[in-house]
Amino acid sequence: MDSVESAPARAPRYEIRQVFSDGTETDPEIFSVLDPPWEAETDRRGFLRVGLAASAVLALLGACGPSEATRVIASATAELTPSPTAKPKPTPKPTPRPTARPTANASPTRTTRPTPRPTPRRTPKPTARPTTRPTPHPTPRPTAHRTCVCNMVGTCTCNTVCTCNKICTCIPVCQAHRLLDPDPTVRTMAEEIVLVMGAVEMEYLRWAAAAAQPGLRARIESMADGIGDGADPDPVRWPSIGACAARLDDGDPVVAFMAAQMLELHRTWRGAALGRALRARVRTRIAEGQAMRWRAPASAPGRRESAQPRGRPPSGSTSG
Amino acid sequence: MTSETFIIPLPDARYLVYAPLRRTAFVANGSMVNSIAAIQAGRFDGSGANDRALVRLLEELGLVGGQPDDCPGTVLTGPPRPVEVTLLLTTACNLRCAYCYAAAGDTPRQRMPLEVALKGIAFVLANAIDLGAPAITVNYHGGGEPTANWSVMTRSFAFARDEASAAGIDAIGAAATNGVLKDHQIDWIIANLDGGITVSFDGLPEVHDRYRVTARGGGSSGRVMRTIRRLDDAGYGYGIRLTVTRDHIAQLPASIAFICAQFGPARIQVEPAYRLGRWSEAPSADTAEFLAAFREAQRVAGGYGRSIDYSAARSGLMTNHFCGVSLDNFCLSPAGNVTACYEAFSEAGELADVFFYGRAGPGSGYVFDEGTLEGLRHRAVQFLPWCQGCFAKWDCAGDCYYKALATDRTGEYRGSERCHLTRELTRDQILGRILDSGGVLWHEPPVPLARGNRNGG
């Protein structure tokens, strides 16, 4: 068993350069990735699939008209479905302990401290003591793409295409009505998701406050005031991935949906690598949440399609 | 081209195109790579419809026609103004781990006096007040087992919290430990160290007990697992650090499955055993077999909704510093001298001249050796010619200086055995990001880079 690279003699060179061509003329193409490489077969072939022309990828980015984009994306998404002939991969039988654990995010071990941590930001009126350390590399939210209200390419009903290239988490349901939940994890999830939605969803917050009992109404209004004053979400306070995952199957569908949103935030903002099975559960919860159309009314024309919860209402419906 | 773009070969004549500073990646065929190369060389025709689409796509992604890259380039200047101190409390240890980088327990026993700890804390607290920082951090780390100097650990943190509270700021505590702890120590950690702890634990008890033995030669897994269960029961946030020797590589996936099934750590870090300290003559574990086992372990962890980490593979981080060594890490040895690296904990160590850059001065201050400090600050990746063509340079940032020097003291960094592991696992992560982004391309807004080249600036 030899070391993979003993006494390297040449410096690595990965800059863009001409690569070998056998003379065959092919169009430039981009290939989709089917599986995480660590889940690919041992010869590491087969995790790439269909090739897309640059124009098709442009459509994916929303650089063409919505209808064309939807068509291309639907096509591309269909292509991403694994082949039925693909060899099934062994799946471990997880038996995770169903406990929720607030977590520390960064290990103090030397080799895990790559960069100076950013100064923890303070959010107004926190109700739970932060149990995590500041993330070493918080990913900024895609603020330029907040107009998106759909997250299921191919089943889009609002005729817009998300250009942020990821599932959005800015869907208000009844998070504000969980701001005084007795479970501090649920409370924190509600606070942070409301902050993530930010001023864009002020109409929702006003609706939520108006529909709430006085104590909760005051809390929602104070959150709205904080957002108006520029309060930002604070990843330091986010419940851990384990704590969120433990609530994905919560009996309260709002809590389950918030857990999915929070996990999506972990993935997209903080770069957390959720496992495949967990990602699938998150997608399912978000899809279920969207199907329920819990969204609050909004004054922005054409923005929201439902004024009241439809389908299965969340528990304690009028108060969220 | 306005963004630094790399190509990474994949099977079947495919290439991973990666523009780290634009947080963009996709998998392309050779034709696309050659087109991009032609654009970069200024000899791209671009007249056909497909060519125009390609250019437009690259423009959309910020690789062509935009503002030039904003590279990570922070280099601190001026006197260090840390708001975080790491106290290397002792060289004593209740274990004799076979692969201990510090050979703890075999080296002369040193214990940090309380006044050394208090002076360090007072220094970072004064900096925090001057700089308006919201918190100070006090880390307790090795050279030995920090809890072996229990009195100084608890009293110093009480001091930190009281003094910080009086100044209206927070004190965050964190520690690394071998996990062989008494109940009252676990209670104290849970109650006090908000920043979490990292517990060294190698997974399967039979593997752990082979390497992590007590001073009398017995296994320690039972005690460590008891500690971890107590942390779980308390809902306390902790990480697990798992070290893999060459003989243990094949059992890594099973060890990860064991940890995931039994415990709830917030983070699992996996590292091959490094040939340092007691393990300096051992065979390397930086092998292709380790890589395969790590990937399999990652798959296993994913089945539990977890992930595992390797220190130098951190795609998307965008930094020019591997760790705090080049960012004025403020660590105090038991004698009270300032070192930038936890692993360079002894003034008598072979690399002490490289990493020790200060000592206690009169009053509440410290005296810093500007020459040594400058040498450390210039260990940022932009100063390492070897790394300039590597696609992982803004992620790994030149890797661990201590480990590089420990194997090659020539001074000029020329890569290490870890480089291949780092690149392979970074490539996996980039592909994973593409997959997570829908499978076609990864493209996110750039991360705002740290600004200011002066301490406190």
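Residues numbered from 1 in each chain as written. Chains lettered and ligands numbered in written order. Predicted model: local features only at pLDDT ≥ 70, side-chain atom pairs only at ≥ 80, totals over all residues. Heavy atoms only, no water.

Q: Explain the overall build of chain A here, please?
A: Broken down by element type, chain A carries 8 helices and 2 strands. In chain A, the succession of helices and strands from N to C terminus is β-β-α-α-α-α-α-α-α-α. Evaluated residue by residue, chain A yields a buried proportion of 51% over its 320 residues. Restricting to contacts in chain A with at least 6 residues of sequence separation, those with at least 24 account for 69%. A total of about 14,200 Å² of accessible surface is found on chain A, and carbon and sulfur atoms cover 55% of it. (Helix = DSSP H or I, 4+ residues; strand = E, 2+ residues; numbered from the N terminus. Buried < 20%, exposed > 50% of the residue type's maximum accessible area, 1.4 Å probe, protein only. Contact = heavy atoms within 4.5 Å. Areas by Shrake-Rupley, 256 points an atom, 1.4 Å probe, with all protein chains shown as cover.)

Q: Any chance you could explain the overall build of chain B here in plain terms?
A: When you go through chain B residue by residue, the secondary structure sums to 14 helices and 14 strands. Looking at the 457 residues of chain B, the share that counts as buried comes to 65%. Contacts spanning at least 24 positions in sequence make up 70% of the contacts within chain B whose residues lie at least 6 apart.

Q: Is there a simple way to explain the environment of K119(B) in this structure?
A: Residues and elements named next belong to chain B. With respect to the helices and strands, K119 occurs in helix α3 (residues 114-131). In this structure the C-alpha to C-alpha distance between K119 and G363, which are 244 residues apart in sequence, comes to 9.1 Å. Beyond its immediate stretch of four places on either side in the chain, K119 contacts A360, G361, P362, G363, S364, G365 and Y366.

Q: Just to check I follow, could you spell out the packing of helix α3 (residues 184-197) of chain A against helix α5 (residues 214-228) of chain A for this structure?
A: A packed helix pair is summarised by two numbers, namely the angle formed by the two axes and the spacing between the axes. All names here are of chain A. At their nearest, the axes of α3 and α5 sit 10 Å apart, and the two run at 40° to each other. Relative to α5, α3 is oriented oblique. Helix-helix and strand crossings are classified by hand; for α3 and α5 the assignment is right-handed. The segment α3 lies against α5, with E191, V194 and L195 engaging R219, M223 and I227. (Axes fitted to C-alpha atoms, helices over the stretch in contact; angles between N-to-C directions. Parallel < 35°, antiparallel > 145°, perpendicular 65-115°, else oblique. Left-handed = near helix turned anticlockwise from the far one by under 90°.)

Q: Whenever I open this one, the sheet that holds strand β11 (residues 338-339) of chain B confuses me. Can you help?
A: Across a sheet, paired strands are connected by hydrogen bonds in the backbone, their directions being either parallel or antiparallel. All names here are of chain B. Sheet architecture is open: 10 strands sit in the order β9-β8-β7-β6-β5-β4-β10-β11-β12-β13, paired in mixed fashion. Each end of this open sheet is capped by a strand with a single partner; those strands are β9 (267-272) and β13 (366-368). Looking at chain direction, strand β8 (residues 238-244) and β9 are connected through 6 bridges and run parallel. Counted as the bridge partner of V244 is P272 from β9. Packing against the sheet, helix α7 (residues 221-233) makes contact with β7 (197-200) and β8, and its axis sits at approximately 150° to β7. (Pairing = 2+ DSSP bridges.)

Q: Just checking my understanding: could you explain the nonpolar core for this structure?
A: In globular proteins that are soluble, nonpolar side chains generally tend to be buried together. One finds L87(B), I136(B), L193(B), I256(B), V270(B), F330(B) and F355(B) to be the most contacted residues of the largest nonpolar core, which totals 138 residues. For this core, the element with the most residues is α3(B), which contributes 8 residues. In this structure, V270(B) is in contact with L242(B), V244(B), L252(B), I256(B), F290(B), F294(B), I308(B), D309(B) and Y310(B), ignoring residues within four places of it in sequence. Residues L179(A), V194(A), A224(A) and L265(A) belong to the second largest nonpolar core, which totals 43 residues. (Core = buried A, V, L, I, M, F, W, Y, C linked by side-chain atoms within 4.5 Å.)

Q: Would you mind going over the packing of helix α8 (residues 252-262) of chain B against helix α9 (residues 288-303) of chain B with me for this structure?
A: Residue and element names in this part refer to chain B. For the pair α8 and α9, the least separation of the axes is 8 Å and the interaxial angle reads 25°. Regarding the angle of α8 to α9, the classification is roughly parallel. For α8 against α9, the interelement crossing comes out right-handed. Across from L252, P253, I256, A257 and C260 in α8, the residues of α9 making contact are F290, A293, F294, E296, A297, V300 and A301.

Q: Help me understand the packing of aromatic side chains in this model?
A: For any two aromatic rings, the description comes down to two numbers: the centre-to-centre distance and the angle of the planes. According to the stated counting rule, one finds 18 aromatic pairs over all chains in the structure shown. Arranged with centres 6.4 Å apart and planes meeting at 75°, the rings of F294(B) and Y310(B) form a pair that is edge-to-face. With F294(B) in helix α9 and Y310(B) in the loop between α9 and β10 (331-332), the pair connects residues that are 16 residues apart, well separated along the chain. Summarising the burial analysis for this pair, F294(B) and Y310(B) share the class buried. For the pair Y357(B) and F368(B), a centre-to-centre distance of 5.7 Å together with 25° between the ring planes defines the contact as stacked. Residue Y357(B) is located in strand β12 (residues 356-360), and its partner F368(B) is located in strand β13; the two are separated by 11 residues in the primary sequence. Taking the relative accessible area as the measure of exposure, Y357(B) reaches 1% and is therefore buried. Among the aromatic residues, those joined into a cluster by ring pairs are F123(B), F330(B), Y357(B), Y366(B) and F368(B). Over the ring of F31(A) we find R14(B); its NZ or CZ atom is 3.8 Å from the centre of that ring. (Phe/Tyr/Trp six-rings, centres within 6.5 Å; stacked < 30°, edge-to-face > 60°. Lys NZ or Arg CZ within 6 Å of the ring centre and 35° of its normal.)

Q: What is the right way to look at the pattern of salt bridges in this model?
A: When their charged atoms lie close together, side chains carrying opposite charge are able to pair. Scanning the entire structure with this criterion turns up 27 salt bridges over all chains. Residue E15(A) pairs with R13(A) through a salt bridge whose shortest N-O separation is 2.2 Å. Residue classification places E15(A) among the partly exposed positions, given a relative accessible area of 27%. Between E271(B) and R418(B) there is a salt bridge; the shortest N-O distance is 3.3 Å. Separated by 147 residues along the polypeptide, E271(B) in strand β9 and R418(B) in helix α14 (residues 418-436) bring together distant segments of the chain. With respect to class, E271(B) is no different from R418(B); both count as buried. (Salt bridge = Lys/Arg side-chain N within 4 Å of Asp/Glu carboxyl O.)

Q: What is the right way to look at unusual backbone geometry in this model?
A: If a residue is not glycine, its phi is most likely negative; likewise, a peptide bond is most likely trans. All names here are of chain B. Positive phi is not limited to glycine here, since M318 has a value of about 60°. Here M318 shows up in the loop between α9 and β10. Phi is positive for D399, which is not a glycine, with a value near 60°.

Q: Which parts of the structure should I look at to understand the confidence of the model for chain B?
A: Residues and elements named next belong to chain B. Put simply, chain B has an average pLDDT of 90, and 97% of its residues get 70 or more. Within chain B, no element has a lower average pLDDT than helix α13 (residues 401-407), which sits at 84, and none a higher one than β11, at 98. Counting contacts from residues 451-457, a segment whose pLDDT is below 50, to residues more than four positions away or on other chains yields 18 contacts. At the level of chain-chain contacts, confidence expressed as ipTM amounts to 0.87, with global pTM at 0.67. (pLDDT = per-residue confidence, 0-100.)

Q: Sorry if this is basic, but what is going on with empty space enclosed by the protein here?
A: Picture a little ball the size of a water molecule; that probe, rolled over the atoms, points out where space is still empty. Residues and elements named next belong to chain B. Taken as a whole, this structure holds 8 cavities of 30 Å³ or more when the rule is applied. Estimated volume of the largest cavity: approximately 570 Å³. Lining the largest cavity we find 33 residues, and of these C100, Y101, H141, S200 and R212 sit closest to its centre. Among the elements of the structure, β6 (170-177), β7 and β8 are those that each provide at least two residues to the lining of the largest cavity. Residues of the lining of the largest cavity, tallied by class, amount to 14 nonpolar, 11 polar and 8 charged. (1 Å grid on protein atoms, 1.4 Å probe; cavity = no way out; pocket = protein on both sides within 12 Å on 5 of 7 lines; lining within 4 Å. Points joined across faces, edges and corners; volume = space filled by probe spheres on them. Nonpolar A, V, L, I, M, F, W, Y, C, P; charged D, E, K, R; others polar.)

Q: Would you explain α7(B) in this entry?
A: In an α-helix, one full turn covers 3.6 residues, which means residues spaced three or four apart are oriented alike. Residue and element names in this part refer to chain B. Over its 13 residues, α7 runs 18 Å from end to end, which matches the ideal 18 Å to within 8%, given 1.5 Å per residue. For α7, every residue scored as buried is listed here: S221, V224, M225, T227, I228, L231 and D232. In a view along the axis of α7, the buried residues occupy a sector of 155°, so they form one face of it. Residues of α7 that are buried in the fold lie against α5 (183-192), β7, α6 (205-211), β8 and α8. G235 sits one or two positions beyond α7 and adopts a positive phi of about 70°. (Expected span 1.5 Å × (residues − 1). Arc of directions from axis to C-beta.)

Q: How should the environment of G398(B) be read in this particular structure?
A: Residues and elements named next belong to chain B. Relative to the helices and strands, G398 resides in the loop between α12 (393-396) and α13. Assessed through its relative accessible area of 1%, G398 is described here as buried. Along the primary structure G398 and N320 are separated by 78 residues, whereas in three dimensions their C-alpha atoms are 8.0 Å apart.

Q: Whenever I open this one, the confidence of the model for chain A confuses me. Can you help?
A: Parts of the model with low pLDDT should not have their predicted coordinates read in detail. Residue and element names in this part refer to chain A. Mean pLDDT over chain A stands at 58; residues scoring 70 or higher make up 45%. At the low end of the mean pLDDT range in chain A sits helix α2 (residues 66-80), at 37; at the high end sits helix α6 (residues 241-245), at 89. Taken together, the stretch residues 1-8 has pLDDT below 50 and engages in 23 contacts with residues farther than four places along the chain or on a different chain. Scored below 50 in pLDDT, residues 293-320 shows 75 contacts in the model against residues more than four places distant or in partner chains.

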